[in-house]
Amino acid sequence: MKQRDRDQKVHWEATAYDQTMRFVSDYGLDLFKWLNPQQGESIVDFGCGTGDLASQIAGSGAEVLGVDISPEMVQRAREKYPLLRFECADGMSWTPTQTYDAVFSNAALHWMKDAEAAVETMTKCLRKGGRLVVEFGGYRNIQSIIDAMQATLENSGRMDAFVNPWYFPKVGEYAAILERHGMEVSHAMLFDRPTAQEKGEKGMLNWLHMFGTAMVPKATKAETEEWFNEVVMRLKSTQYQEGSWIADYRRIRMYALKQQ
Ligand code: BEZ
């Protein structure tokens, strides 16, 4: 895989993220049930963001290490949860120094476009028999937003500015990667999860400012603003319902064990 395809959004507005994207960790609570952490277990939260789910896991008596590529996210996680351990590292190249009972990851793996490398890291983290519990954007996730962004750029003759920063695989594709790395996949699903955004009418613009800038990383502020306003207009008839913006999220969820 080329370096260009490995580039990942590194810098985040961590405070704004906590204020407007609470739903990310709220939805993660269902995945937490799949993890079912036990007292005394050691668990990695892979792509931990600002640490809310790591804290939830720690609440069950497990030892948690949160890992995230973003220094801003890790700094905020450390401020919010000073008793927990967080490390700033790229999930596609991090070398863990020990093995763990489980790896948990919510809404992070779609940012790691070199999936082989991310899976290699996660499996290195696991002891034999250890479990992997992950959820992230699946095949055709936020397709309406991507389509609207592309149509907007085509309309301005600026398709050259477009980058697809995400990897949204089908179940079979990701399961095959896990299996190649010695994992036995016992549960795998892909499902629609339309996701309401906070802040009423501003919801989609907030989403675009938080995440969508990764689709046009070289654009000026003025270009970004103009294009995002057009994207919002294009999406309004389908994604704005009863005063709330709905992002067409599709989740892929997997449970796998490292083979003995
Ligand atoms: C997601 O969680 O599916 C997602 C979040 C931000 C950008 C793209 C996808």
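In this report, we go over the structure that sits alongside the text. What you see is a predicted model, and the numbers here were worked out from it, not measured in a lab.

**Quick look at the site of the ligand**
Then comes step 1: Close contacts around the ligand come from His110, Trp111, Asn141, Ile142, Trp166, Phe168, Trp207, Phe211, Tyr249 and Arg251, and that covers them all.
Then comes step 2: Note that an oxygen atom of the ligand is positioned 2.7 Å from one of the side-chain N or O atoms of Asn141.
Then comes step 3: Take Arg251: an N or O atom from its side chain is 2.6 Å from an oxygen atom of the ligand.
Then comes step 4: Out of a free accessible area of 260 Å², the ligand has 97% covered by protein chains.

**Some thoughts on the state of the cysteines**
Then comes step 1: Evaluated as defined, the whole model comprises zero disulfides.
Then comes step 2: The cysteine Cys125 is free of any disulfide, with Cys48 supplying the nearest cysteine sulfur at 12 Å.
Then comes step 3: Residue Cys125 is classed as buried on the basis of its relative accessible area of 0%.

**Some remarks on the sheet that holds strand β8 (residues 240-241)**
Then comes step 1: In space, the three strands of this open sheet follow the order β7-β9-β8, with antiparallel pairing throughout. Sheet topology places β7 (195-196) and β8 at the edges, where each strand pairs with a single neighbour.
Then comes step 2: With two bridges connecting them, β7 and strand β9 (residues 244-247) associate as antiparallel partners. Residue pairing for β9: Ala196 is matched across the bridge by Ile246.

**Focus: the packing of helix α7 (residues 143-155) against helix α10 (residues 221-239)**
Then comes step 1: Contact pair α7 / α10: the axes reach a minimum separation of 9 Å and the direction vectors enclose 135°. In terms of axis orientation, α7 runs oblique to α10. Taken as a pair, α7 and α10 cross one another with a handedness that is right-handed. Packed against α7, whose contacting residues are Ser144, Ile145, Ala148, Met149, Ala151, Thr152, Leu153 and Asn155, the element α10 presents Trp227, Phe228, Glu230, Val231, Arg234, Leu235 and Gln239 at the interface.
Then comes step 2: Residue composition of the contact of α7 with α10, grouped by class: nine nonpolar, four polar and two charged.

**Notes on the environment of Tyr100**
Then comes step 1: Mapping Tyr100 onto the fold places it in strand β4 (residues 100-106).
Then comes step 2: Judged by relative accessible area, which is 4%, Tyr100 ranks as buried.
Then comes step 3: The spatial distance from the C-alpha of Tyr100 to the C-alpha of Gly157 is 50 Å, given a sequence separation of 57 residues.
Then comes step 4: Setting aside its immediate chain neighbours within four residues, Tyr100 contacts Ser42, Ile43, Val44, Leu65, Cys125, Leu126 and Arg127.

**As for the layout of surface pockets**
Then comes step 1: Of the voids in this model, the largest pocket is the one considered here, and its volume is about 640 Å³.
Then comes step 2: If you go around the largest pocket, you meet 22 residues; those closest to its centre are Lys9, Thr213, Ala214, Val216 and Pro217.
Then comes step 3: Only α1 (3-6) and α10 provide two or more residues apiece to the lining of the largest pocket.
Then comes step 4: Here the lining of the largest pocket is built from residues that sort into eight nonpolar, seven polar and seven charged.

**Here we look at empty space enclosed by the protein**
Then comes step 1: The final tally for this structure, using the stated rule, is one cavity of 30 Å³ or more.
Then comes step 2: One number sums up the size of the largest cavity: a volume of about 580 Å³.
Then comes step 3: Elements that contribute at least two residues to the lining of the largest cavity include exactly α2 (14-20), α3 (22-35), β1 (42-46), α4 (52-58) and β2 (63-68).
Then comes step 4: With five residues, the single largest contributor to the lining of the largest cavity is α3.
Then comes step 5: Split into classes, the residues belonging to the lining of the largest cavity amount to 23 nonpolar, ten polar and nine charged.

**Topic: the side chain of Thr152**
Then comes step 1: Positionally, Thr152 belongs in helix α7.
Then comes step 2: When near neighbours in sequence (up to four residues on either side) are disregarded, Thr152 contacts Trp227, Glu230, Val231 and Arg234.

Definitions and limits used
- Residues numbered from 1 in each chain as written.
- Predicted model: local features only at pLDDT ≥ 70, side-chain atom pairs only at ≥ 80, totals over all residues.
- Heavy atoms only, no water.
- Near = heavy atom within 4 Å.
- Polar contact = N/O pair within 3.5 Å; in protein donor to acceptor, adjacent residues only side chain to side chain.
- Areas by Shrake-Rupley, 256 points an atom, 1.4 Å probe, with all protein chains shown as cover.
- Disulfide = S-S within 2.5 Å.
- Buried < 20%, exposed > 50% of the residue type's maximum accessible area, 1.4 Å probe, protein only.
- Pairing = 2+ DSSP bridges.
- Helix = DSSP H or I, 4+ residues; strand = E, 2+ residues; numbered from the N terminus.
- Axes fitted to C-alpha atoms, helices over the stretch in contact; angles between N-to-C directions.
- Parallel < 35°, antiparallel > 145°, perpendicular 65-115°, else oblique.
- Left-handed = near helix turned anticlockwise from the far one by under 90°.
- Contact = heavy atoms within 4.5 Å.
- Nonpolar A, V, L, I, M, F, W, Y, C, P; charged D, E, K, R; others polar.
- 1 Å grid on protein atoms, 1.4 Å probe; cavity = no way out; pocket = protein on both sides within 12 Å on 5 of 7 lines; lining within 4 Å.
- Points joined across faces, edges and corners; volume = space filled by probe spheres on them.

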